[in-house]
Amino acid sequence: MERIVIFGKGGIGKSTVATGISASLAAEGQRVLHVGCDPKHDSTVALLGGRMIEPVVDRISQVRGVKPDDIVTRSPLGVDCVEAGGPGAGVGCGGRGITRMLEIFNEAGLLSPDRYDVALYDVLGDVVCGGFAAPLRRGVGEKVVIVASEELMALYAANNIAKAVVHYATNGIALAGIVYNLKDNAADRAMLERFAALIGARIIGYIPRDPLVRDAEYRRMTVVEHAPASPIARCYGQIAQDVRALDASSLPLPTPLSETEFYELAQRRFIRPQGGQAAAAAKEPPPEAAGALVSSSRLMGRARGAQDGGRVFATELENGGRAVRLGLVSVDEAIARLRGAFPNEARHLSPSDLLG
């Protein structure tokens, strides 16, 4: 079962993209679970023809004995829809709704590998709360799709989401890439390509601004159902196919920018300066940084099969120290991952061994 998580800045069009992907896959005969992870519980509205369903955390009071049919609502296209829900504005933690929902899923066996072809999670806004990162933190997600636009804050959010992917890569999370949901069809795509290259993300596709999408939203349906033969509907279908075709195990770890790098480069439309005072914060990573990024990827579970004794451990120890000094992982996190990969060699590892 494919596990796709959609992230992006609030208001960027995540739910429109997410429902477009789910509808496209369902129209092709795929078995799809669409999960809205927002207290507003509005991700599934377009799939359900304007109907807002009761959040699962409100519907289910007792976890024990829950069945799949108690949780899901099927759309006309055959998409099984769930809304996590959460507390009202200003009350409690919205991330708790997602955590509780996942507990209910586990009890019902909803995420058993043979039940669906695709499980797609539409997650609220930036990754700023551990609760909303639950699909990453608990290893439920697999492929992260970032929805962004040409606007600066959308790119800022994309960079932060790439940082979260690095943090949770040990759970098998990979960055599938960026979908650019354009506000202006004349936007500078070369700049967007440069930004994606800087953070090590592929561009999955561009969604042009199209009045058919707005018309479909007012009708409370997906554009895939509203205008199935239109170019914009085919655009969503192509993005869905491209995401599905990606092999998560082969996707590289992203290389997000620091805050200083992001704003320095943003002033130059993400063109790296060739020299001068500002180049220090925006230059290409030195060889040791690149080695540390590779090491960080390995420490996060990407290549533990090549353990051939002390020589490999010594190399990983050295690279792990560089990753810590570059701020890619904390000391404790690096030690924990080295112990996980090399339980015998690293069982007595201390911070001084890593940084000495």
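Residues numbered from 1 in each chain as written. Predicted model: local features only at pLDDT ≥ 70, side-chain atom pairs only at ≥ 80, totals over all residues. Heavy atoms only, no water.

A. Structural context of the overall build of the protein. Secondary structure assignment for the protein yields 15 helices and eight strands. Taking all 356 residues of the protein together, the buried fraction comes to 51%. In the protein, the share of contacts with a sequence separation of at least 24, taken over all contacts with a separation of at least 6, comes to 74%. In the structure as shown, the protein presents an accessible area of about 15,500 Å², 50% of it carried by carbon and sulfur atoms. (Helix = DSSP H or I, 4+ residues; strand = E, 2+ residues; numbered from the N terminus. Buried < 20%, exposed > 50% of the residue type's maximum accessible area, 1.4 Å probe, protein only. Contact = heavy atoms within 4.5 Å. Areas by Shrake-Rupley, 256 points an atom, 1.4 Å probe, with all protein chains shown as cover.)

B. Region of interest: unusual backbone geometry. Positioned with a positive phi, Arg 220 is a non-glycine residue whose angle comes to about 60°. Position of Arg 220 relative to the elements: it lies in the loop between helix 7 (211–218) and helix 8 (223–226). We classify Arg 220 as partly exposed; its relative accessible area is 41%. Phi is positive for Arg 269, close to 55°, though the residue is something other than glycine. With respect to the helices and strands, Arg 269 occurs in the loop between helix 10 (259–266) and helix 11 (279–282). Taking relative accessible area as the criterion, Arg 269 reaches 48% and is therefore assigned partly exposed.

C. Spotlight on the pairing of strand 2 (residues 32–37). With six of six residues buried, strand 2 is to be regarded as a mostly interior element. Of the two faces of strand 2, the one holding Val 32, His 34 and Gly 36 and the one holding Leu 33, Val 35 and Cys 37 are both buried throughout. Where strand 2 and strand 4 (residues 80–83) come together, four bridges link them in parallel fashion. Opposite Leu 33, over in strand 4, you have Asp 80 as the bridge partner. (Pairing = 2+ DSSP bridges.)

D. Region of interest: the packing of aromatic side chains. Within this structure, the stated rule accounts for seven aromatic pairs. Arranged with centres 5.2 Å apart and planes meeting at 90°, the rings of Phe 262 and Tyr 263 form a pair that is edge-to-face. Residue Tyr 263 is classed as partly exposed on the basis of its relative accessible area, which comes to 34%. One aromatic cluster in this structure is built from Tyr 156, Phe 195, Phe 262, Tyr 263 and Phe 270. One residue, Arg 189, lies across the ring of Tyr 206, its end atom 4.2 Å from the ring centre. (Phe/Tyr/Trp six-rings, centres within 6.5 Å; stacked < 30°, edge-to-face > 60°. Lys NZ or Arg CZ within 6 Å of the ring centre and 35° of its normal.)

E. The arrangement of helix 6 (residues 189–198) in detail. For helix 6, the complete set of buried residues consists of Met 191, Leu 192, Phe 195, Ala 196 and Leu 198. Projected down its long axis, helix 6 carries its buried residues within an arc of 160°, all on one side. Along its buried surface, helix 6 packs onto helix 5 (152–168), strand 7 (174–181), strand 8 (203–207) and helix 10. Among the residues of helix 6, the N-terminal cap falls to Asp 188, whose side-chain oxygen and the backbone nitrogen of Ala 190 are separated by 3.1 Å. In the stretch just after helix 6, Gly 200 is the one whose phi turns positive, near 70°. (Arc of directions from axis to C-beta. Polar contact = N/O pair within 3.5 Å; in protein donor to acceptor, adjacent residues only side chain to side chain.)

F. Highlighting a nonpolar patch on the surface. Among the surface-exposed residues, Leu 152, Met 153 and Tyr 263 lie close enough to one another that they form a single nonpolar patch of about 250 Å² accessible area. Among the structural elements, Met 153 can be located in helix 5. Owing to a relative accessible area of 38%, Met 153 belongs among the partly exposed residues under this scheme. (Patch = residues over 30% accessible without salt bridge, like charges linked within 9 Å, V, L, I, M, F, W, Y side chains within 5 Å. Salt bridge = Lys/Arg side-chain N within 4 Å of Asp/Glu carboxyl O.)

G. Inspection of the pattern of salt bridges at higher detail. The full count for this structure, using the stated rule, is five salt bridges. Two residues, Arg 244 and Glu 2, come together in a salt bridge whose shortest N-O distance is 3.6 Å. Of this pair, Arg 244 sits in helix 9 (residues 231–245) while Glu 2 sits in strand 1 (residues 2–8), placing them 242 residues apart in sequence. Assessed through its relative accessible area of 23%, Arg 244 is described here as partly exposed. Residue class for Glu 2 comes out buried when judged on its relative accessible area of 15%. A salt bridge links Arg 268 to Glu 264, with the nearest nitrogen and oxygen atoms 3.5 Å apart. Of the residues examined, Glu 264 reaches a relative accessible area of 25% and is grouped as partly exposed. Several salt bridges converge on common partners, so that one network encompasses Glu 2, Lys 143 and Arg 244.

H. Expanded view of the layout of surface pockets. When its volume is computed, the largest pocket comes out at roughly 790 Å³. Contributing to the lining of the largest pocket are 35 residues, with Gly 13, Ser 15, Thr 16, Val 213 and Glu 217 lying nearest its centre. Of all the secondary-structure elements, those providing two or more residues to the lining of the largest pocket are helix 1 (14–27), strand 5 (118–123) and helix 7. (1 Å grid on protein atoms, 1.4 Å probe; cavity = no way out; pocket = protein on both sides within 12 Å on 5 of 7 lines; lining within 4 Å. Points joined across faces, edges and corners; volume = space filled by probe spheres on them.)

I. Helix 9, seen in detail. For helix 9, spanning 15 residues, the distance from its first C-alpha to its last is 21 Å, which sits close to the expected 21 Å at 1.5 Å a residue. Taken together, the buried positions of helix 9 are occupied by Ile 232, Ala 233, Cys 235, Tyr 236, Gly 237, Ile 239, Ala 240 and Val 243. (Expected span 1.5 Å × (residues − 1).)

J. The arrangement of the sheet that holds strand 5 in detail. Taken together, eight strands build an open sheet; the order of strands is 3-4-2-5-1-6-7-8 and the sheet is mixed. Both edges of this open sheet fall to strand 3 (73–74) and strand 8, since each of them pairs with a single strand only. Of the pairings in the sheet, the one linking strand 6 (residues 143–148) to strand 7 comprises six bridges and is parallel in character. Bridge assignment links Lys 143 to a residue of strand 7, and that residue is Ala 174. Seen against the sheet, helix 5 touches strand 1, strand 6 and strand 7 and runs at an angle of roughly 165° to strand 6. Of the strands in this sheet, strand 7 and strand 8 are in contact with helix 6, which crosses strand 8 at around 155°. (Axes fitted to C-alpha atoms, helices over the stretch in contact; angles between N-to-C directions.)

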